[in-house]
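Inside the fold
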Number of protein chains: 2
Amino acid sequence: MRFLLISTLLFIISCNKKENEIQQPQKIPFAIVIHGGAGYISKENMPLEKQKKYKIVLEKALNKGYEIIENGGTAIDAVQNTLMILEDSPLFNAGRGAVYNNQGKNKMDASIMDGKTLNAGAVAGVSNIKNPIQLARLVMDSTKHVLLAGKGAEIFAEQQQLKFENDAYFYTKRQHEYLLKVQKREREIKLQKSISKTDINNSNIQIHTLENSKYGTVGAVALDKAGNIAAATSTGGLTNKKYGRIGDSPIIGAGTYANNKTCGVSCTGTGEYFIRTLAAHEVSNLIQYKKRSAKEAIKEVIHTQINNLGGKGGIIILDKQGNIAWDFNTKGMFRAYKKSTGKNKIAFFEMDTVKLK
Amino acid sequence: MRFLLISTLLFIISCNKKENEIQQPQKIPFAIVIHGGAGYISKENMPLEKQKKYKIVLEKALNKGYEIIENGGTAIDAVQNTLMILEDSPLFNAGRGAVYNNQGKNKMDASIMDGKTLNAGAVAGVSNIKNPIQLARLVMDSTKHVLLAGKGAEIFAEQQQLKFENDAYFYTKRQHEYLLKVQKREREIKLQKSISKTDINNSNIQIHTLENSKYGTVGAVALDKAGNIAAATSTGGLTNKKYGRIGDSPIIGAGTYANNKTCGVSCTGTGEYFIRTLAAHEVSNLIQYKKRSAKEAIKEVIHTQINNLGGKGGIIILDKQGNIAWDFNTKGMFRAYKKSTGKNKIAFFEMDTVKLK
């Protein structure tokens, strides 16, 4: 009799619990994570005033994307609009702050991917486009293509009435001085060494790897209330780049990948290594096929696969459960996230983190 | 005592066996597999005379690559030289026989990957280069870059003293007539439909998918005596392509992938779907992480992943054990292989195979 009573009580409690669950459906988590490039970013070479500047823009971009998904918007809109803010800032190597190529032009790359449909859009080697990520989005939405390059992509942008800016808009003293520095070093190496073509090509990269204190590629991954994931990346590529070099940022599966089954990923660093390892797609497959966690997957790709080849850079990830992770084998990475759980963080250096206000 | 005798005998036999093993080391298998594109290739629309023409060139290319690895050469040399023969033929949509873009130019893409080092080289949107695959190889060997595009890639080719050909060399009546046909159809559709930009872009692809009876991208995968795998792909892309469109052929992990741990892969078809699924890298990961066989892996990618998105095309694969497979969801695919076991095959249509002489 006592047993029956307890059983009945337990049954009633259990029913009530179920009812409560129905009345208060489990909150769908949503979140956004962004980066502003990985590189030789350390407290020593970055005065507080400079840190503040970066913090302001990163927060603005992060909040923009977060606001979109908080208001029921899509992950794809969130990542696009977040990156447009970073592209509009002269602080990052993307859009307005893009580095100069060997001919003193800004040649920009960008890509975007929708994890729901696996639709993707990308542009490579475009000039004078105010927001390359907007153009990548249009490639995704308004064509059946994925990747448009060079002059052809610019013609498409004109037809789509995208905003163009003149060269002066893209002028940043910092990037221009950096180009001159790299080119001076290149001339010195040419004088020193026997001028085999291979040496010249290699030296170009070596200079970059040694001296570039900040890569500054920008990226974002968002998970919206509907459970859709999107990822996007935008960059000016390598300073002093030649021969129409394209890095990983506009390559789906290398610099950018999103798949609702697994995660969204954006990468930054020495692009060639991210292409050869298919870094973003590899991360997703490690989760899907090897049951790795988001954190484990990016750790394996950046610290083992890319590191073993000699590559440097960083990765941000946001998986379908809303788990966020970042990792890098450089000195630092500009990075921030914001989650519907209330958790958020902004960080620049290896060990240091700064709480968002 | 008897036991000791038997043991001693067994020991002697076992020693002899080991000695024999050393004297006759296990033969390292080597092999090459090639394709000349997938599409609407059927017996009905291909007279015997035409079949013979394709057979002759495919055999020549296959034998060239096989000869290289048979003589102890590398897989990477084999795939490059094999593709150069296919590029030199006007029959395929690569090199000499490349299709025309919207402006009546040949804009070619190619990529090559070495499975031993994961080094890779690729070029996109290049004109007047006799052998784009040779240029891709030079990008791999003589720069630290992976992908060079457009005019920049052509400047690099000039510096490397690569062979250029004038427009007349690339003229093929077949491809020119096909361009005019596609453009005529496009004008008709423009007249019929309200001319929204989206419609134009979509119609371009639709025409291609509907009418193109042969895609003609070429690819090769080889496994050499040292156990190294290499893969390469070369194409002229889509007829009437606009806006600097780049397909999957020059994208490492999409159209081409090689990894000694798993396999080498070359793809052909509607490139955008191969980019979105990272087809070549996905095949490799299915083998590495899901323990799929070569045959199972390409079947899953072409018939499930790509097919479900609406893509069409074919894949060839050669794994580290020397297993060869091909698969496609089109009417046919030009394809052939040759193995050191003596096995070989050349086939065009879905069910039909022709023995190599």
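This text gives an overview of the structure that appears in the document.

What counts, and where the lines are drawn
- Residues numbered from 1 in each chain as written.
- Chains lettered and ligands numbered in written order.
- Predicted model: local features only at pLDDT ≥ 70, side-chain atom pairs only at ≥ 80, totals over all residues.
- Heavy atoms only, no water.
- Helix = DSSP H or I, 4+ residues; strand = E, 2+ residues; numbered from the N terminus.
- Expected span 1.5 Å × (residues − 1).
- Buried < 20%, exposed > 50% of the residue type's maximum accessible area, 1.4 Å probe, protein only.
- Contact = heavy atoms within 4.5 Å.
- Least-squares fit on C-alpha atoms with pLDDT ≥ 70 in both.
- Core = buried A, V, L, I, M, F, W, Y, C linked by side-chain atoms within 4.5 Å.
- Pairing = 2+ DSSP bridges.
- Axes fitted to C-alpha atoms, helices over the stretch in contact; angles between N-to-C directions.
- Salt bridge = Lys/Arg side-chain N within 4 Å of Asp/Glu carboxyl O.
- 1 Å grid on protein atoms, 1.4 Å probe; cavity = no way out; pocket = protein on both sides within 12 Å on 5 of 7 lines; lining within 4 Å.
- Points joined across faces, edges and corners; volume = space filled by probe spheres on them.
- Nonpolar A, V, L, I, M, F, W, Y, C, P; charged D, E, K, R; others polar.

So, on to helix H10 (residues 294-309) of chain B. Residue and element names in this part refer to chain B. In a regular helix each residue adds 1.5 Å, so 16 residues correspond to 22 Å; H10 covers 22 Å between its end C-alpha atoms and thus fits that length. Within the sequence span of H10, burial applies to Ala294, Ala297, Ile298, Val301, Ile302 and Ile306. As for H10, its buried residues are in contact with helix H8 (271-276), helix H9 (279-290), strand E10 (313-319) and strand E11 (324-328).

Under the fitted operation, chain B is carried onto chain A by 0.0 Å of movement along the axis and a turn of 180°, and the coordinates agree to an RMSD of 0.0 Å. Taken together, the rotation and translation relating the two chain copies correspond to the operation of a two-fold axis. Among all residues of chain B, the minimum C-alpha distance to the rotation axis is found for Tyr289 of chain B, at 3.0 Å.

Here the focus is the nonpolar core. Note on soluble globular proteins: their nonpolar side chains tend to be buried together. One finds Val283, Ile315 and Ile317 of chain A together with Val283, Ile315 and Ile317 of chain B to be the most contacted residues of the largest nonpolar core, which totals 100 residues. Not counting residues up to four positions away in its chain, the partners in contact with Val283 of chain A are Cys263, Val265, Ala297, Ile298, Val301, Ile315 and Ile317 of chain A.

Residues and elements named next belong to chain B. An order of E8-E9-E10-E11 is seen for the four strands of this open sheet, with the pairing classed as antiparallel. The sheet is open, and its two edges are formed by strand E8 (256-259) and E11, each paired on a single side. For this sheet the average axis-to-axis angle between neighbouring strands, irrespective of direction, equals 10°. In the sheet, E10 pairs with E11 via five bridges, with the strands oriented antiparallel. Bridging from a neighbouring strand, Gly314 pairs with Phe328 of E11. Packing of H9 onto the sheet brings it into contact with E8, strand E9 (263-269) and E10, and relative to E9 it is tilted by some 145°. Docked against the sheet, H10 engages E10 and E11, running at close to 15° with respect to E11.

If you walk through the whole model with that rule in mind, you get 24 salt bridges over all chains. With a shortest N-O distance of 2.8 Å, Asp77 of chain A and Arg137 of chain A are connected by a salt bridge. Of the two residues, Asp77 of chain A is situated in helix H3 (residues 75-88) and Arg137 of chain A in helix H4 (residues 132-142); the sequence distance between them amounts to 60 residues. For Arg137 of chain A, a relative accessible area of 14% translates into the label buried. Among the ionic pairs, Lys55 of chain B bridges to Glu59 of chain B, the shortest N-O distance being 2.9 Å. Here Glu59 of chain B and Lys55 of chain B lie together in helix H2 (residues 48-70), a separation of four residues that amounts to about one turn. Here the salt bridges do not stand alone but share partners, grouping Asp77, Arg137 and Asp141 of chain A into one network.

Glancing now at the layout of surface pockets. Within this model, the largest pocket holds a volume of roughly 1000 Å³. Every residue lining the largest pocket is counted, 41 residues in all, and those nearest its centre are Gly150 and Lys151 of chain A together with Ala149, Gly150 and Lys151 of chain B. Breaking the lining of the largest pocket down by element, the ones donating at least two residues are strand E3 (119-126), helix H5 (150-159), helix H7 (197-211) and strand E7 (245-246) of chain A together with strand E3 (119-126), helix H5 (150-159) and strand E7 (245-246) of chain B. Top element by residues in the lining of the largest pocket is H5 of chain B. It accounts for six residues. A class-by-class count of the residues in the lining of the largest pocket yields 11 nonpolar, 17 polar and 13 charged.

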